[in-house]
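So the chains spell out like this:
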Amino acid sequence: MIRIHNFARGMRGLRVAWQCEEMGLPYRIETVSFPPSEAYRALNPVGSTPFLEDEGGVAINESVAMMLYLAQKYGPTPLLPESEDPTFARVLQMTVFGEATLGMGLNPLLEARFAAPDADKHNWSVRTQEARVEKAVRYTAEILGDRPFLAAADLTLADISVSSALGMWAGALGHALPDALAAYRERLAARPAYQRAFKPG
């Protein structure tokens, strides 16, 4: 069975669980303590979450890699169109964008908010990084436009990836989303598969 190691409120692990629910894949959540235990670090020396284990000795980190792995191994799935599909490139772009641009841009902001001394919580570096993420959020709103999904006519990995990052920006960091993105996140969070994935953590 697929095992997803995740912090109790880890949005990146939620991405993977949500995908499993959308695809009807059986999985189990293994909650990781913070800071991670020595036993977990022996499994995943980076100490990050999520971490995925699957049959055949698969043991990987990086949530987007997990998403692509699951879609390819257990697909085909509408979450990842075939390469001949004209939406394929945009799905890949926005799936990676959700972590490489949005998600990773949030990491230093989360550290500043929850770990930095008060004098450093809003320093020049933090303000500059916030401006970068705000630009990426505006770009996301432009890509979405007035459509229900980012890259195709229905939900794809792009939506799972990006909306999870937007959840960190709005939830953990308390930033307002443009109205269209706020409504988009609410629609996705109302999906039964999201609700089932969110419930364990």
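Everything discussed here concerns the structure shown above.
Residues numbered from 1 in each chain as written. Predicted model: local features only at pLDDT ≥ 70, side-chain atom pairs only at ≥ 80, totals over all residues. Heavy atoms only, no water.

**Re the pattern of salt bridges**
Then step 1. Using the criterion set out here, one finds eight salt bridges in the structure.
Then step 2. The partner of Arg196 in a salt bridge is Glu21, with the nearest N and O atoms 2.8 Å apart. Taken together, the residues Arg196 in helix α8 (residues 192-198) and Glu21 in helix α1 (residues 11-23) connect sequence positions 175 residues apart.
Then step 3. Looking at Arg196, the relative accessible area reads 42%, which means it is partly exposed.
Then step 4. The shortest N-O distance in the salt bridge between Arg28 and Glu30 comes to 2.8 Å. (Salt bridge = Lys/Arg side-chain N within 4 Å of Asp/Glu carboxyl O. Helix = DSSP H or I, 4+ residues; strand = E, 2+ residues; numbered from the N terminus. Buried < 20%, exposed > 50% of the residue type's maximum accessible area, 1.4 Å probe, protein only.)

**Some thoughts on the packing of α1 against helix α3 (residues 63-74)**
Then step 1. Two numbers describe how α1 lies on α3: the axes approach to 9 Å, and their chain directions differ by 15 degrees. In terms of axis orientation, α1 runs roughly parallel to α3. Here the hand of the crossing between α1 and α3 comes out right-handed. Facing α1, whose interface residues are Arg12, Arg15, Val16, Gln19, Cys20 and Met23, α3 presents Ser63, Val64, Met66, Met67, Leu70, Ala71 and Tyr74.
Then step 2. Looking at the contact of α1 with α3, its residues break down into nine nonpolar, two polar and two charged. (Axes fitted to C-alpha atoms, helices over the stretch in contact; angles between N-to-C directions. Parallel < 35°, antiparallel > 145°, perpendicular 65-115°, else oblique. Left-handed = near helix turned anticlockwise from the far one by under 90°. Contact = heavy atoms within 4.5 Å. Nonpolar A, V, L, I, M, F, W, Y, C, P; charged D, E, K, R; others polar.)

**Digging into helix α6 (residues 157-172)**
Then step 1. Between the first and last C-alpha of α6 there are 22 Å, a value that for 16 residues agrees with the 22 Å anticipated at 1.5 Å per step.
Then step 2. Of all 16 residues in α6, 13 are buried; the element is thus mostly enclosed.
Then step 3. In the stretch just after α6, Gly174 is the one whose phi turns positive, near 75 degrees. (Expected span 1.5 Å × (residues − 1).)

**Some thoughts on α1**
Then step 1. Counted at 1.5 Å a residue, the expected span for α1 with its 13 residues is 18 Å, and the 18 Å between its end C-alpha atoms agrees.
Then step 2. Where burial is concerned, most of α1 is hidden: 12 out of the 13 residues are buried.
Then step 3. Backbone geometry just downstream of α1 places Gly24 in the positive-phi region, at approximately 70 degrees.

**Some details on the packing of aromatic side chains**
Then step 1. One pass over the full model with this rule turns up five aromatic pairs.
Then step 2. Ring plane angle 85 degrees and centroid distance 5.6 Å describe the contact between Phe7 and Phe34, whose orientation is recorded as edge-to-face. With Phe7 in strand β1 (residues 2-7) and Phe34 in the loop between β2 (27-32) and α2 (38-43), this pair connects stretches of sequence that are 27 residues apart.
Then step 3. Here Trp18 and Tyr194 contribute two aromatic rings whose centre-to-centre distance is 4.9 Å and whose plane-to-plane angle is 85 degrees, an arrangement assigned as edge-to-face. Placement of the pair is Trp18 in helix α1 and Tyr194 in helix α8, with a sequence separation of 176 residues. (Phe/Tyr/Trp six-rings, centres within 6.5 Å; stacked < 30°, edge-to-face > 60°.)

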